[in-house]
Amino acid sequence: MTRQRGEHVPQLISRDVSGARGLLVRKDLLQLLDRAVTKRVTVISAPPGSGKTSLLRAWADRSTNLRRVAFVTVERDQQNEQRFWCAVLDAIRSPARSIDSETPPAPNAALDVDQVIDSVLSEVAEQVEPLELIIDDLHELKSAVALTQLENLLPILPSSARVVLSSRRDPSIRLHQLRLADDIAEIRAGDLRFTERETGELLAGSAISLSAAGVAALHQRTEGWAAGLRLAVISLSGHPDPERFVAEFSGTDRAIGEYLIAEMLERHPSEVQSMLLRTSLVDRMNGELADLLAGRSGSERMLLELEDANAFVVSLDAQRTWFRYHQLLADFLRLELRRTLADEVPDLHRRAARWFADRGDVVEAVRHTVAAGDWPDAARLVADHSFRWVLDGQAGKIRAVLQAFPEGASVDHPDLALAHAAAELNQGRMEEAAAQLALAESHVQSAPPTRRRRLAVAIASLRLALARRSGQFSEVIEQVKLLDASVADASSEAMGSELRGVALLNLGIVETWSGRLADAERHLSEGAALAQTIGRPYLEVACRAHQGFPSKLVSVATARERGRQAVALAERYGLDDRPILAPALGAVGGMAIWMGEFDEGERWLRRAWEVGSAHVDPAAAVLFHLATGMLHAGRGKQQSALEAFTAAAQAQSLLTGVHALAPRITGWLATTQARLGRQDEARATLAGFSAEPERMGAISNARAWICMADGDSGTALEVLREVRDIAPPVEPFTLVEAHLLAGTAHLRLGDRNAAAAAAEAALATAEPDRLIFPFAMTEAAELLDVLLHHETAHRALLADIVDLLRGASAPSTDREPLSQSDELSPSELRVLGYLPTNLTRPEIAQELHVSINTVNTHIRNVYAKLGARDRSAAVQRARQLRLLSNRLSPTSAK
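This one's a predicted model, so the numbers in the text were calculated from it and none came from an experiment.

On to the overall build of the protein chain. When its secondary structure is counted, the protein chain shows 47 helices and 8 strands. Counting contacts in the protein chain only where the partners sit at least 6 residues apart, residues at least 24 apart contribute 69% of the total. Per element, the accessible surface of the protein chain, about 38,400 Å² overall, is 48% carbon and sulfur.

Next comes the structure, spelled out in structure tokens:
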């Protein structure tokens, strides 16, 4: 690797970069050195070409008359201590000449070294002005005796003297005492590195026009290395296409290569050069990997020594076990590797690939497998790990690793086509994902029999994922059947844990949005349990995020708690900003709205939209729009509700197959249209909608709304009987609304007893899940007033609803209830209802048609259970427990 030495390059750099020719004055660096030399000793340690000499010469040139500068440049490979100290002495005596002198003075044979050092001390002490002694290229001083003498000299120099030591590596002298005394300053490679702004200024000073992106690219490729920048500037001057030059600029540039050979490689032994070449094909390495590639031991020691020598080797961790090469050096070494050891390159890549694969770094393993020319092996490696990356929430890795393959490689490899499909799906590119899936399917039969079944299952799982992302549920029935059968067969060799997890997740999500909640519950629970077993938090969060929906087996309170647990799980694993969590956030918000906690629901919904952003599944977007419409409807903002329900319907129209929420969306959209006096639009909305009988209750309720808007309460009651007679019974949400509409219709027809019975039925149906929202949506305040003259077994819920309808915030469901033994009996609750009034005990007894003794007994029990001493305290405590409304009392309407 011997070539012509290139010392002329550093000289050109040192003069031009420093600003001597007006290219760039680095004021920040000069000020940094000004601050540093307030200490007794300043050490400048950085790689060759970093601009150390440039900085020192520029700083010396701008020195004022208040200080003298003695500048010493150590000769190449200096081993003569007497010659070194004579040079120092001469520089102190003649500082002006020493800065620019090319020929060092000859040693004075009449003086021995100790005499020369004594003379140095004397000369420094006799200086009138403060002296700055600069010793440049100290790494060239190879005399251990001279270094020891320098170490001993520094602490005893006069306090007015300052010393600057500049070297390519930390000086081999002990400076710990100076550090303890805070009497040393250090300037290192990071300080000398050009910033992106300075890179632009350097180019502008050389009359080179380059775009901001071009400047950033050049800065990134050179890592701010002064020599690399200067050599690039020389090549760019007069270049016809500067942008293209920068795009192609690397360590393979001839000038860069010559400089690195002369100033770095040739200075190291052959075994170090060999290690550098063979390890250059990896982006990062530790001692073990370097030994494997170099074919010998001791690589970690070499790497540590190279880093200490500022030889373009950078440690990547605090323990200094992982390393990388400067980008330009790595480029150059790889070129030299191909030029001198081309036959070894494929095997070196295979070694690296096996090493990375054994340690789970599949991205690097694939990159090196492709580089070795082993495409089929690389394709299988990608396919086998794609689902694992999905389960780790790192689907972006798939696209990164696919970049190692040449364009069009997936045409002949079903494994690659499958990976491309997953990558496109992760980017939301549905058409491209579908095309790659079709390509993978076309090659399934050509795959080895041992992989054929796995490929089929993987394709089916991705088709389900594509279906849920695009909303095409009705088109994947066969995939659902295939995956359902496959995941049921736990012994199937085609189903590894990762693929099985993805299949369970996609099955559960599609079943959730399709309304098959029992199947979804089974598959999502299995998926979450599997995720815990194989240590895949992302999969567990994704499964749990879709279990926050009520069903015949899951109450609203349970669904809400499940959603909260999913969010807490995501926060625990740092996954709370992932779009896959959005359904849980939306579900928790929706449940809060059902319970009448509108402000709470709004906060959760806002977060759901933020997390989901543009990547939310269309089916989840339907949920968010619907919940938003509920929020507006509950607050009496009918126009805003109409807009949200319309958005939900539009989102639903993009899906194929009936969304689980489709009946409710259509029903509430028509209801809101009718309430705004748009009955014809409401009828058009309902026209043609069909679903299973048990899911048509919301549509019948909407028809009843339209009838009442038309003033036909009798027909509305006939329609509502259909809702209550549906077998199996409709869900409680719909049934509560049906009872409330029936009560309102009875009230309009003048039948207050029937209205009261309907209101009581609504409360009874709403009580288990605290379904307060239907009362707000139907504006049931007038209907509930009827209950003020009737007994009710749901006084606490009634109190909450009345408060909400009269403008108070809904109470939190987190309040502490009475213990089971202290719960009030129905008779005690009836008596409690009269305590806020001015009625005496005999008058209460008369109202309830019971004896005074019975009333007294009930009141004593109420006081005891509530922990109250008197009537006022009992009323206050009952209101805190929501057993009484702040305004509700049996006589308030009298």
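Hydrogen bonding along the main chain pairs the strands of a sheet, whether they run parallel or antiparallel. With antiparallel pairing, the 3 strands of this open sheet are ordered in space as β6-β8-β7. Looking at which strands have only one partner, the edges of the open sheet turn out to be β6 (285-286) and β7 (313-315). When β6 meets strand β8 (residues 322-325), the two strands line up antiparallel, connected through 2 bridges. Bridge pairing in β8 links Met285 to Phe323.

Let us look at the packing of helix α2 (residues 27-36) against helix α3 (residues 52-61). Orientation of α2 relative to α3, taken along the N-to-C sense of each, is 75°, at an axis distance of 10 Å. Taken together, the axes of α2 and α3 lie roughly perpendicular to each other. Along its contact with α2, which presents Leu29, Leu30, Leu33 and Asp34, the element α3 presents Leu55, Leu56, Ala58 and Trp59. The class makeup of the residues in the contact of α2 with α3 is 7 nonpolar, no polar and 1 charged.

At a minimum axis separation of 14 Å, helix α30 (residues 556-572) and helix α32 (residues 598-612) run at an interaxial angle of 45°. Taken as axis vectors, α30 and α32 run oblique relative to one another. Between α30 and α32 lies a crossing of left-handed hand. Contact residues: α30 offers Arg560, Arg564, Val567 and Glu571, while α32 offers Glu600, Trp604 and Arg607. Counted by class, the contact of α30 with α32 contains 2 nonpolar, no polar and 5 charged residues.

Right, let's get into the pattern of salt bridges. One pass over the structure, following the stated rule, counts 48 salt bridges. Among the ionic pairs, Asp577 bridges to Arg578, the shortest N-O distance being 3.9 Å. When its relative accessible area of 52% is taken as the criterion, Asp577 is described as exposed. You can call Arg578 partly exposed: its relative accessible area is 25%. The network of salt bridges with common partners includes Asp170, Arg179, Glu186 and Arg188.

Take helix α45 (residues 841-848) next. All of the buried residues in α45 are Ile844, Ala845 and Leu848. One face of α45 carries all of its buried residues, which in axial projection span an arc of 100°. Opposite its buried face, α45 presents the exposed residues Pro842 and Gln846, each directed more than 90 degrees away. Of the surrounding elements, those touching the buried residues of α45 are α44 (826-832), α46 (852-866) and α47 (871-880). The positive-phi residue at the C-terminal boundary of α45 is His849, with phi of around 60°.

A separate point is helix α18 (residues 327-340). Relative to the 20 Å expected for 14 residues at 1.5 Å per residue, α18 spans 20 Å between its end C-alpha atoms, a close match to the ideal helical length. Listing the buried residues of α18 in full gives Leu328, Leu329, Ala330, Asp331, Phe332, Leu333, Glu336 and Leu337. In this structure, the buried side of α18 is in contact with α11 (212-222), α12 (226-236), α14 (254-263), α15 (270-279), β8 and α19 (345-358).

Glancing now at the packing of aromatic side chains. Enumeration over the complete set of coordinates arrives at 12 aromatic pairs. Note on Trp225 and Phe312: the rings are 5.0 Å apart at their centroids and 80° apart in plane angle, and the pair reads as edge-to-face. Highlighted residues: Trp225 in the loop between α11 and α12 and Phe312 in the loop between α17 (299-308) and β7, separated in sequence by 87 residues. Phe312 matches Trp225 in its accessibility class, with the two residues each being buried. Ring centres 5.3 Å apart and planes at 90° place the aromatic pair Trp355 and Phe356 in the edge-to-face group. Overall, Phe356 belongs to the buried group, its relative accessible area being 1%. Three or more aromatic residues joined by ring pairs form one cluster here, namely Trp594, Phe645, Trp668, Phe733 and Phe773. Positioned above the aromatic ring of Phe71, the side-chain terminus of Arg57 is 5.3 Å from the ring centre.

The 5 strands are arranged β2-β3-β4-β1-β5 in an open sheet whose pairing can be described as parallel. Only two strands of the sheet have a single partner each, and these edge strands are β2 (68-73) and β5 (184-188). For this sheet the average axis-to-axis angle between neighbouring strands, irrespective of direction, equals 15°. With 5 bridges connecting them, strand β1 (residues 41-45) and strand β4 (residues 162-167) associate as parallel partners. Residue pairing across strands places Ser45 opposite Ser167, the latter belonging to β4.

With that settled, the discussion passes to the confidence of the model for the protein chain. Residues with a pLDDT of 70 or more make up 87% of the protein chain, whose mean pLDDT is 82. Note on residues 97-101: pLDDT under 50 across the span, and 9 contacts to partners over four residues away in sequence or across chains. The model gives residues 887-894 a pLDDT under 50, and that stretch makes 24 contacts with residues more than four places away or in other chains.

We now examine the side chain of His268. By the secondary structure assignment, His268 is in the loop between α14 and α15. For His268, a relative accessible area of 19% corresponds to the buried category. Those residues within four positions of His268 in sequence are excluded, and the remaining contacts are Gln273, Leu306 and Ala311.

Locating Gly428 in the fold gives a position in the loop between α23 (414-426) and α24 (430-442). Gly428 sits 38 residues away from Leu466 along the chain, and the two C-alpha atoms are 9.2 Å apart.

Of all hydrophobic cores here, the largest spans 84 residues; its most connected members are Leu581, Ile593, Trp594, Trp668, Phe773, Phe775 and Leu784. When residues of this core are assigned to their parent elements, the largest contribution, 10 residues, is made by helix α33 (residues 618-634). Apart from residues lying up to four places away in sequence, Phe775 is in contact with Val736, Leu740, Ala762, Leu763, Ala766, Ala780, Leu784, Ile801 and Leu805. Counting residues in hydrophobic clusters, the runner-up holds 58 residues, among them Phe245, Leu277, Leu289 and Trp355.

What follows covers unusual backbone geometry. For Asp137, which is not glycine, the phi dihedral falls at a positive 60°. As for its position among the elements, Asp137 is in the loop between β3 (131-136) and α7 (144-153). Positive phi is not limited to glycine here, since Arg770 has a value of about 55°. According to the relative accessible area criterion, Arg770 is buried, its value standing at 15%.

Glancing now at the environment of Ser159. Residue position: Ser159 is located in the loop between α7 and β4. Its relative accessible area of 58% is what places Ser159 among the exposed residues. Taking C-alpha positions, Ser159 is 7.4 Å from Arg40, a pair spaced 119 residues apart along the chain.

Thresholds applied
Residues numbered from 1 in each chain as written. Predicted model: local features only at pLDDT ≥ 70, side-chain atom pairs only at ≥ 80, totals over all residues. Heavy atoms only, no water. Helix = DSSP H or I, 4+ residues; strand = E, 2+ residues; numbered from the N terminus. Contact = heavy atoms within 4.5 Å. Areas by Shrake-Rupley, 256 points an atom, 1.4 Å probe, with all protein chains shown as cover. Pairing = 2+ DSSP bridges. Axes fitted to C-alpha atoms, helices over the stretch in contact; angles between N-to-C directions. Parallel < 35°, antiparallel > 145°, perpendicular 65-115°, else oblique. Nonpolar A, V, L, I, M, F, W, Y, C, P; charged D, E, K, R; others polar. Left-handed = near helix turned anticlockwise from the far one by under 90°. Salt bridge = Lys/Arg side-chain N within 4 Å of Asp/Glu carboxyl O. Buried < 20%, exposed > 50% of the residue type's maximum accessible area, 1.4 Å probe, protein only. Arc of directions from axis to C-beta. Expected span 1.5 Å × (residues − 1). Phe/Tyr/Trp six-rings, centres within 6.5 Å; stacked < 30°, edge-to-face > 60°. Lys NZ or Arg CZ within 6 Å of the ring centre and 35° of its normal. pLDDT = per-residue confidence, 0-100. Core = buried A, V, L, I, M, F, W, Y, C linked by side-chain atoms within 4.5 Å.

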